[in-house]
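Coordinates in review
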Amino acid sequence: MNKSDFIQLVSKNVKPIRLERQYSQEEMADILGLSKKTLIQIEKERTIANWSTVVTLCALFNDSEILLSEIGDDPVEFVRLIAKDVSYEPKSKTLGGRVWWKQAATEGDYVLQQNLISGHYRILDRQNVRWHSSFDVEEATLVLAKLAQDV
């Protein structure tokens, strides 16, 4: 999934997320920093949200069941992945992949998992802390080997 695909995906879910939270269009527009007219255009799929609106929506509604079911991961972490944050340092504690994840490989103290919905990969340590995310399995495999070697 690339940035454009992600923007499209989030844009088509603005209205369901608003309804999930029981916000009026005026309230949602205010929360997202949009005019009501722009929000209506996005909800009617006449236009798509811009990157800033998508990032804001993911940050403020990161526990939305709709977002979680669409991307199968923490929306904020997914934004980082799309934005190409590729540092190899501990990022966030996860639940370990009980939902939406399958184990792809293990090396040393690290496990490579693939998301069943979006297909992207992540690397977790034994404490289920995320170290890396990528759409590229070869890159993820190389990072897994590097992390395991550095232990």
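Now for a description of the structure that goes with this document. Just so it is clear, the structure is predicted and the values come from calculations on it, not from any experiment. Once a new chain begins, its residue numbering starts again from 1 and follows that chain's sequence as written. The predicted nature of this model means local features are confined to residues of pLDDT at least 70 and side-chain atom pairs, given and counted, to a pLDDT of 80 or more, with totals for whole chains, interfaces and linings taken over all residues. To get the side-chain values, all heavy atoms of the structure are used, and hydrogens and water are removed first.

Description of the environment of Glu138
In plain terms, the rule: A run of DSSP states H or I qualifies as a helix once it reaches four residues; a run of E qualifies as a strand once it reaches two. Both are numbered from the N-terminal end. Working definition: with a 1.4 Å probe on protein chains only, accessible area under 20% of the residue-type maximum means buried, over 50% means exposed, and in between means partly exposed.
By the secondary structure assignment, Glu138 is in helix α8 (residues 137-150). On the basis of relative accessibility, which here comes to 61%, the residue Glu138 falls in the exposed class. Each C-alpha atom of the pair Glu138 and Phe61 lies 31 Å from the other, and the pair is 77 residues apart in sequence.

Some words on the side chain of His120
Which entries qualify depends on this criterion: Here a polar contact is recorded for every N or O atom pair within 3.5 Å, except that within protein the pair must consist of a potential hydrogen donor and a potential acceptor, and residues adjacent in sequence are included only if both atoms are side-chain atoms. Contacts were defined at the residue level, with two residues in contact if any of their heavy atoms lie within 4.5 Å.
Along the chain, His120 falls in the loop between β3 (110-115) and β4 (121-125). Note on His120: relative accessible area 0%, which makes it buried. Within the local environment of His120, its side chain forms a polar contact with the side chain of Ser118, the two groups lying 2.4 Å apart. Setting aside anything within four residues of it in sequence, one finds His120 in contact with Ile71, Asp73, Phe78, Leu81, Trp101, Gln113, Gln114, Asn115, Ser134 and Phe135.

Digging into the packing of aromatic side chains
Where we set the bar: Ring pairs are drawn from Phe, Tyr and Trp, using the six-membered ring of Trp, whenever the two centres fall within 6.5 Å, and their geometry is named by plane angle: stacked under 30 degrees, edge-to-face over 60, tilted for the rest.
Enumeration over the complete set of coordinates arrives at 5 aromatic pairs. Geometrically, the ring pair formed by Tyr23 and Phe61 is edge-to-face, given 6.2 Å between the ring centres and 75 degrees between the ring planes. Here the residue Tyr23 occupies a position in the loop between α2 (14-20) and α3 (25-32), and Phe61 occupies one in the loop between α5 (51-60) and α6 (65-71), the gap between them amounting to 38 residues. What makes Tyr23 partly exposed here is its relative accessible area of 28%. Of the residues examined, Phe61 reaches a relative accessible area of 2% and is grouped as buried. Between Phe78 and Phe135, the ring centres sit 5.9 Å apart and the planes meet at 90 degrees, which makes this aromatic pair edge-to-face. Linking Phe78 in helix α7 (residues 75-82) with Phe135 in the loop between β5 (129-134) and α8, this pair joins segments that are 57 residues apart in sequence. The class of Phe135 is partly exposed, set by a relative accessible area of 24%. Ring pairs connect the aromatic residues Phe6, Trp51, Phe78 and Phe135, which therefore count as one cluster.

Keep in mind that these numbers describe shape and distance, not what the molecule does.
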